[in-house]
Number of protein chains: 2
Amino acid sequence: MDFPSKLLENAVNEVAQLPGIGKRTALRLVLFLLQQPSDQTMALSNSLLALRNDIKYCRSCHTISDNELCEICSNPSRDHATICVVEDIRDVMALENTQLYKGIYHVLGGKISPIDGIGPGQLNIKSLVEKVRNSKVNELIFALSSTMEGDTTNFYIYRQIKDCEIITSTIARGIAVGDELQYADEVTLGRSLLHRVPFDKEFKDL
Amino acid sequence: MDFPSKLLENAVNEVAQLPGIGKRTALRLVLFLLQQPSDQTMALSNSLLALRNDIKYCRSCHTISDNELCEICSNPSRDHATICVVEDIRDVMALENTQLYKGIYHVLGGKISPIDGIGPGQLNIKSLVEKVRNSKVNELIFALSSTMEGDTTNFYIYRQIKDCEIITSTIARGIAVGDELQYADEVTLGRSLLHRVPFDKEFKDL
């Protein structure tokens, strides 16, 4: 792509470094910004810079936060004896949306994935193990994605804390609410059968 | 969407104002930036701000440019008597890519589109008409998109300059190179038949 302006070229190249955005889309976005009042570009740039420079990570659960301790960890009405282990902040947001979880979280920041060069040392595993050993934790809920990397990470953490007297659990795998059986894969369907729930219990929980 | 951080929420809201980017994609992009070195966010923000604040539009053809007069308009080896009328800068880039056009351009900045509230006054039509009247222009090539709005705009400009002694033309409509006839729409196929080209001429031009 030949650009008539160096400024335009720079902006397009920077935007095109974002994931899933190619040069053509980047050009479209940049030209859109040029057509809008310059306030909008100013607000966009400033909000990104402010986020990058001032963002904090909760010192207890490592989620993104405006303070040293995030809102969930600093909330005394949450159950601090139950920790849900998740991959990143989007999982925290998804679980919070259910309004069914009253414990706290621990954000690993990824999964163990040798192919991507991510080992246990790059994840927030050490602080989790310390937390389990040093404070009163009853239950650890693994809520990682159901992939080989997720399972490996679960198992790695489990081995580090298996001598502690705590309950460990994983979230249930099964047929999604509203899904039809005939389109489900056999592994999921098999698991949903193995881990079937007493009929009266399902209604009590809702 | 409930965000655990005001900074994150602001950044996501700003990014989500770009066309074709929803809140989920915005969150993905913002979290990606957080994982990268802060230099990248800095470079992105600065390039957008620099573009928005320092960008110039060529005073002759209104294309985006780093200088008062763009590279094409200030190039003495281009044919300044032939003007190609286009909608926006992406069309200039596309036509330049063909390496077949040696004239200059005139960027309208859009098409006449009453539905979107765009009238002739918002486009760079007046300066085009002045250019045609006051300087030695031989030919005006309309290269707007082949829509009702494009045709309306072509016709509006044509009426303003039809008393001038210049050639007006539009780019050829027809079957795209590499396309099969059976999949072409009938209007395009009809036009390609009406405006057929002498066989020996096609080879001479290439």
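Residues numbered from 1 in each chain as written. Chains lettered and ligands numbered in written order. Predicted model: local features only at pLDDT ≥ 70, side-chain atom pairs only at ≥ 80, totals over all residues. Heavy atoms only, no water.

K.L.:
Would you mind going over the state of the cysteines in detail, with residue names and values included?
P.N.:
Scanning all chains against the criterion turns up 0 disulfides over all chains. No disulfide involves Cys58 of chain A; its nearest neighbouring cysteine sulfur is the one of Cys61 of chain A, lying 3.7 Å away. As a non-bridged cysteine, Cys164 of chain B has Cys84 of chain B as the owner of its nearest cysteine sulfur, 18 Å distant. (Disulfide = S-S within 2.5 Å.)

K.L.:
Describe the pairing of strand S4 (residues 103-107) of chain A, listing the residues and the values that go with them.
P.N.:
Burial runs high along S4 of chain A: 5 of the 5 residues are buried. This β-α-β element, strand S3 (residues 79-86) of chain A to helix H4 (residues 89-98) of chain A to S4 of chain A, shows right-handed connectivity. (Buried < 20%, exposed > 50% of the residue type's maximum accessible area, 1.4 Å probe, protein only. Helix = DSSP H or I, 4+ residues; strand = E, 2+ residues; numbered from the N terminus. Right-handed = clockwise from strand over helix to strand, strands pointing away.)

K.L.:
Which residues make up the sheet that holds strand S5 (residues 139-142) of chain A, and what values do they have?
P.N.:
All names here are of chain A. Strand order across the open sheet formed by 4 strands is S4-S3-S5-S6, with parallel pairing between neighbours. Here the strands that pair on one side only, and so sit at the sheet edges, are S4 and strand S6 (167-170). Strand-to-strand twist across the sheet, computed as the mean angle between neighbouring axes with direction ignored, equals 25 degrees. As defined by bridge partners, S3 adjoins S4 across 5 bridges and the pair is classed as parallel. Bridge pairing links Ile83 to Ile104 in S4. (Pairing = 2+ DSSP bridges. Axes fitted to C-alpha atoms, helices over the stretch in contact; angles between N-to-C directions.)

K.L.:
Lay out the UniProt feature "zinc finger region: C4-type" (unreviewed entry) in chain A in plain terms, naming residues and giving numbers.
P.N.:
With numbering matched to this structure, UniProt assigns "zinc finger region: C4-type" (unreviewed entry) to residues 58-73 of chain A. The span residues 58-73 of chain A is 0% helix and 12% strand, and its two end C-alpha atoms sit 8 Å from each other. (UniProt positions renumbered as here; feature names shortened; annotations may be inferred.)

K.L.:
Which residues make up unusual backbone geometry, and what are the values?
P.N.:
Residue and element names in this part refer to chain B. The phi dihedral of His62 is positive, around 70 degrees, even though this residue is not glycine. Its place among the elements puts His62 in the loop between strand S1 (56-57) and strand S2 (64-65). Residues other than glycine seldom take positive phi values, yet Gln99 does so here, at roughly 60 degrees. Taking relative accessible area as the criterion, Gln99 reaches 65% and is therefore assigned exposed.

K.L.:
A description of empty space enclosed by the protein should follow, citing residues and the corresponding values.
P.N.:
Taken as a whole and judged by the stated rule, the model has 1 cavity of 30 Å³ or more. Its boundaries defined by the atoms lining it, the largest cavity holds a volume of some 140 Å³. Lining the largest cavity are 16 residues, with Val15, Leu18 and Leu44 of chain A together with Leu18 and Leu44 of chain B positioned closest to its centre. Of the residues that constitute the lining of the largest cavity, the class distribution is 16 nonpolar, no polar and no charged. (1 Å grid on protein atoms, 1.4 Å probe; cavity = no way out; pocket = protein on both sides within 12 Å on 5 of 7 lines; lining within 4 Å. Points joined across faces, edges and corners; volume = space filled by probe spheres on them. Nonpolar A, V, L, I, M, F, W, Y, C, P; charged D, E, K, R; others polar.)

K.L.:
Now, about the sheet that holds strand S3 (residues 79-86) of chain B: what can you tell me, with residues and values included?
P.N.:
Residue and element names in this part refer to chain B. Pairing is parallel across the open sheet formed by 4 strands, whose spatial order is S4-S3-S5-S6. Taken across any chain shown, the strands that pair with only one partner, and hence form the sheet edges, are strand S4 (103-107) and strand S6 (167-170). Between one strand axis and the next, the sheet turns through 25 degrees on average, direction left out of account. Each of S3, S4 and strand S5 (139-142) is contacted by helix H5 (residues 126-134), which is oriented at about 150 degrees to S4, the strand it contacts most. (Contact = heavy atoms within 4.5 Å.)

K.L.:
A description of the interface of chain B and chain A should follow, citing residues and the corresponding values.
P.N.:
One frequently used descriptor of interface size is the decrease in accessible area upon assembly of the parts. Counting residues at the interface gives 48 residues for chain B and 48 residues for chain A. For the pair chain B and chain A, the two sides together bury roughly 4,900 Å², of which 72% comes from carbon and sulfur. In terms of surface lost to chain A, no three residues of chain B exceed Leu7, Leu34 and Arg52 of chain B, which account for 14% of the buried area on that side. For the pair chain B and chain A, the number of links is 0 salt bridges. Among the elements of the structure, helix H1 (6-15), helix H2 (23-35), helix H3 (38-54), S2 and helix H4 (89-98) of chain B are those that each provide at least two residues to the side of chain B that touches chain A. The element contributing the most residues to the side of chain B that touches chain A is H3 of chain B, with 14 residues. Among the residues forming the side of chain B that touches chain A, the class breakdown is 30 nonpolar, 10 polar and 8 charged. (Buried area = accessible area lost by both parts, 1.4 Å probe. Salt bridge = Lys/Arg side-chain N within 4 Å of Asp/Glu carboxyl O.)

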